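Commentary on secondary and tertiary structure
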Amino acid sequence: MTAPIFADVEQTLRQQMVTDTAPNDETPGPLSPSRPVRSMGVRHGILVLELLPEALLAVARRLRDTFSFDLFLDVTAVDWLGQTPRFEVVYHFYSSTHHVRVRLKLRVDESHPVVPSLTSLYGSAGYMERECHDMYGIGFEGNADLRPILLYEGFVGHPLRKDYPKQQEQPLVPYRPPQGALVR
Amino acid sequence: MSADPVLLPPIANPVRAAFGPSRDDTVVVNIGPSHPATHGTVQIIAELDGEKVLRTDVHCGYLHRGFEKECEDHTWHNLIPYVDRLNYCSALINNFAYCEGVEQLMGIEITPRTKYLRTLLSEYSRVADHLTCVAASLMELGAMTAFLYLVTVRDAMYEHLAALTGARVTYSYGRIGGLAADVPEGWFTRLHEILRDYERYVERVHGLVDRNRIFIDRMRRVGTLTTADALHWGFTGPVLRSTGAKQDLRKDTPYLAYAELDFEVPVGILGDNYDRYFVRMREMDESVYMIRQLMEMIPEGPINVDDRRCVFPEKTLVYSEIESLINHFKLVMEGPVVPAGDAYVAHEGANGELGFYLVSTGEGVPYKVHVRSPSFVHMGGAHRMLDGYQLADIVTSFGSINMIGGECDR
């Protein structure tokens, strides 16, 4: 099942985002600043695009405004421990007009795991970026509120990273006696 | 494990509020997590001007138990019981969505009988889930009779599902490539009776609350959302449909047997609490209509596909021939080998889009299992339904989202 919208997205991105004049756009070459986006084709009914972190905001805005991908579904990361760049940040978008999904994938390195935040485009990105920050330590530039959401203040480490041991013990939050005039 | 627990240097609070009082005459209060209206797992920090809520900071995570981390340590089969505990009001939908994700990665097409049975059970679970939500939100408004009527039906359903799966709430009934067991004798006869009971009790509830002045005053024009707002904040499911948007994955991206069924997608007008109540009530009627169609459609045949990569061999064969014994051993010890790749599968859960993002590296254990849970995303937008209304409206608006702690905090 391939939606016609996918061909439009692929073609537009090739025309507008890729500035180099490579003779054959179809060859899946490596990503570079002159070629920040490439399509990996439709997999299990979802169009998969790979891109550089710099291109994320522009691509997401184009997806939302031109192709009406108006529902930001999900952001998460995959920790490919041992590979460089180590982390793969995965986004899913849904179009309530065309009823199809698009997946964006971008790789960030362990030394500087930061991607642009999508909170300026989608309100729902705020909470999900907080979770991804909790679990993988991915930074989201532009998201002012990256407080822990599923974890708590004082939690050490990022539990979904592959090098975080499952049995890791966490520092305990000390007992706080009740305060106030009503408590005796 | 060390004997002495490490103590942190004292911190003021494990949860940091996003704001303090903005004016001299406002007060910041903390609602939950130990509060029945927040289901015991969500904390709402609210700034109040008298009774009016100026802004809220919704905080979850009190039920976080490392679901995704634990999944990476279990075979594809063994984590099915964990999946049950995400949305424990409609555990079967979670089962089937997860199984379909794995089946997609393995390239398996389920048998016709399983396809229809899964569709029927998904709709049955949806009714149970909506009954829970509507009953709880009515009880929070003091309508104890309506609560008891609805929970009576739900309890009959739980007992009925226990006859099929062996458990009342967490069923673990889905299997990769099929189901745990076929339907027992007489199960459909009882299903007919329960659906008739459902209609009788729901009719009474309609009569009790639909045009009740107190109910309307508490629900109409409270927690209003527009469609654009709902999409911007990631709302899906009944909350999005209550704003008037006809968005339903069962219609828009048909999976299982939904393409062959006749049903409507009920939508609201104003996107307020009353519409969310009514959308859920109408959706249950549609689900019952679908279940009745499905009971006529279910064909005879096997429930499990004939695929030795994932389906366990017959117990008698395990004890009598070496190939089946090895097959059984490999499936238990190493797990079903799922080809490398990733898949995102979304089903229309009772509360919204329930998505599973699965990553496999070609082993019997998943590399990553991520859940896109509607409740968690809805908590990120819940402040849009709470800000600007009364303190007491937090209870009704929050109840109409139907936040399920299990899938919200994972």
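Scroll up a little and you will see the structure.
About the criteria used
Note that residues are indexed from 1 along each chain, following the sequence as it is written. A letter from A marks each chain and a number from 1 marks each ligand, given out in the order of writing. Two thresholds apply to this predicted model, a pLDDT of at least 70 for residue-level local features and 80 or more for giving and counting side-chain atom pairs, whereas whole-chain, interface and lining totals are computed over all residues. Helix numbers and strand numbers start at the N terminus; a helix is a DSSP run of H or I with at least 4 residues, a strand a run of E with at least 2. Counting other C-beta atoms within 10 Å of each residue's C-beta, where C-beta atoms are placed from the backbone, gives the exposure class: buried for 20 or more, exposed for 12 or fewer, partly exposed between. We call two residues in contact when the distance between their C-beta atoms, placed using the backbone, is within 7 Å. The criterion for strand pairing is that DSSP finds at least two bridges linking the strands in question. Helix axes are fitted only over the stretch in contact, all axes being lines through C-alpha atoms; the angle between N-to-C directions runs from 0 to 180 degrees. Here a crossing is taken to be left-handed if its near helix is turned anticlockwise relative to the far helix by less than a right angle, and right-handed if that turn runs clockwise. Three classes are used, and their members are as follows: Ala, Val, Leu, Ile, Met, Phe, Trp, Tyr, Cys and Pro are nonpolar, Asp, Glu, Lys and Arg are charged, and the others, Gly among them, are polar. Expected span, for any helix, means 1.5 Å times one less than how many residues it has. The directions considered for the arc run from the helix axis to the C-beta atoms.

Here we come to the overall build of chain A. When its secondary structure is counted, chain A shows 3 helices and 7 strands. Reading the helices (α) and strands (β) of chain A from amino to carboxyl end gives α-β-β-α-β-β-β-β-α-β. A total of 184 residues make up chain A; the buried ones form 37% of that total. When contacts within chain A are restricted to residue pairs at least 6 apart in sequence, long-range pairs at least 24 apart make up 47% of them.

Turning to the interface of chain A and chain B, a few remarks are in order. Listed per partner, the contact involves 37 residues of chain A and 42 residues of chain B. Of all the elements, strand E3 (residues 71–79) of chain A adds the most residues to the side of chain A that touches chain B, at 6 residues.

So, about the sheet that holds strand E2 (residues 46–51) of chain A. Residues and elements named next belong to chain A. Overall, mixed pairing links the 5 strands, which are arranged E1-E2-E5-E4-E3 in an open sheet. Of all strands in the sheet, those with a lone pairing partner are strand E1 (37–43) and E3, marking the two edges. Going from strand to strand, the sheet's axes swing by 20° on average, the running direction of each strand aside. On top of the sheet, helix H2 (residues 56–65) reaches E1, E2, strand E4 (87–94) and strand E5 (101–108); it is set at about 175° to E5, its chief contact. In the packing of helix H3 (residues 125–136) onto the sheet, contacts are made with E3 and E4, and the angle to E3 comes to roughly 10°.

Here we come to the sheet that holds strand E7 (residues 353–360) of chain B. Strands pair in a sheet through their backbones, by hydrogen bonds, and they do so in one of two ways: parallel or antiparallel. Residues and elements named next belong to chain B. Strand order across the open sheet formed by 3 strands is E6-E7-E8, with antiparallel pairing between neighbours. The sheet is open, and its two borders are formed by strand E6 (341–348) and strand E8 (368–372), each paired with just one other strand. Strand-to-strand twist across the sheet, computed as the mean angle between neighbouring axes with direction ignored, equals 15°. Here E6 pairs with E7 via 8 bridges, running antiparallel. Each residue of the ladder has a partner; that of Ala-343, found in E7, is Leu-358. Most of the contacts of helix H3 (residues 91–106) go to E6, to which it runs at about 150°, and overall it touches E6 and E7.

Okay, the pairing of strand E3 (residues 52–59) of chain B next. Residue and element names in this part refer to chain B. Two strands pair when backbone bridges link them, and strand E2 (residues 43–49) and E3 are joined in this way by 7 bridges, in the antiparallel orientation. Its bridge partner lying in E3, Ile-45 is registered against Asp-57. Hairpin remark: E2 followed by E3, antiparallel, with 2 residues in the connecting loop; positive phi at Gly-50, about 65°.

On to the environment of Pro-254 of chain B, then. Residue and element names in this part refer to chain B. Here Pro-254 lies in the loop between helix H10 (249–252) and helix H11 (273–297). Its 14 C-beta neighbours within 10 Å are what place Pro-254 among the partly exposed residues. For the pair Pro-254 and Glu-348, spaced 94 residues apart in sequence, the C-alpha separation works out to 9.8 Å.

Looking now at the packing of H3 of chain B against helix H4 (residues 112–140) of chain B. Residue and element names in this part refer to chain B. Interhelical geometry of H3 versus H4 gives an angle of 145° and a closest axis separation of 7 Å. You can see that H3 and H4 cross each other, and the crossing is left-handed. Residues Leu-92, Ile-93 and Phe-96 of H3 lie in contact with H4, whose contacting residues are Arg-118, Leu-121, Ser-122 and Ser-125. Classifying every residue of the contact of H3 with H4 gives 4 nonpolar, 2 polar and 1 charged.

Moving on, we get to helix H5 (residues 144–165) of chain B. All names here are of chain B. For H5, which comprises 22 residues, the first-to-last C-alpha distance of 30 Å matches the rise-based estimate of 32 Å (1.5 Å per residue) to within 8%. Buried within H5 we find Ala-146, Tyr-149, Leu-150, Val-153, Met-157, Leu-161, Leu-164 and Thr-165. All buried residues of H5 project into a common sector of 135° when viewed along the axis, lining one side. Seen from the buried face of H5, the exposed residues on the opposite side, beyond 90 degrees, are Met-144, Glu-159 and Ala-163. On its buried side, H5 packs onto H4 and helix H6 (187–209). Phi for Gly-166, located one or two positions after H5, is positive at around 95°.

Okay, H6 of chain B next. Given a rise of 1.5 Å per residue, 23 residues ought to cover 33 Å, and the 33 Å separating the end C-alpha atoms of H6 of chain B matches this to within 8%. Against the buried residues of H6 of chain B lie H4, H5, helix H7 (213–219) and H11 of chain B.

Everything listed is a geometric property; what it means functionally is a separate question.
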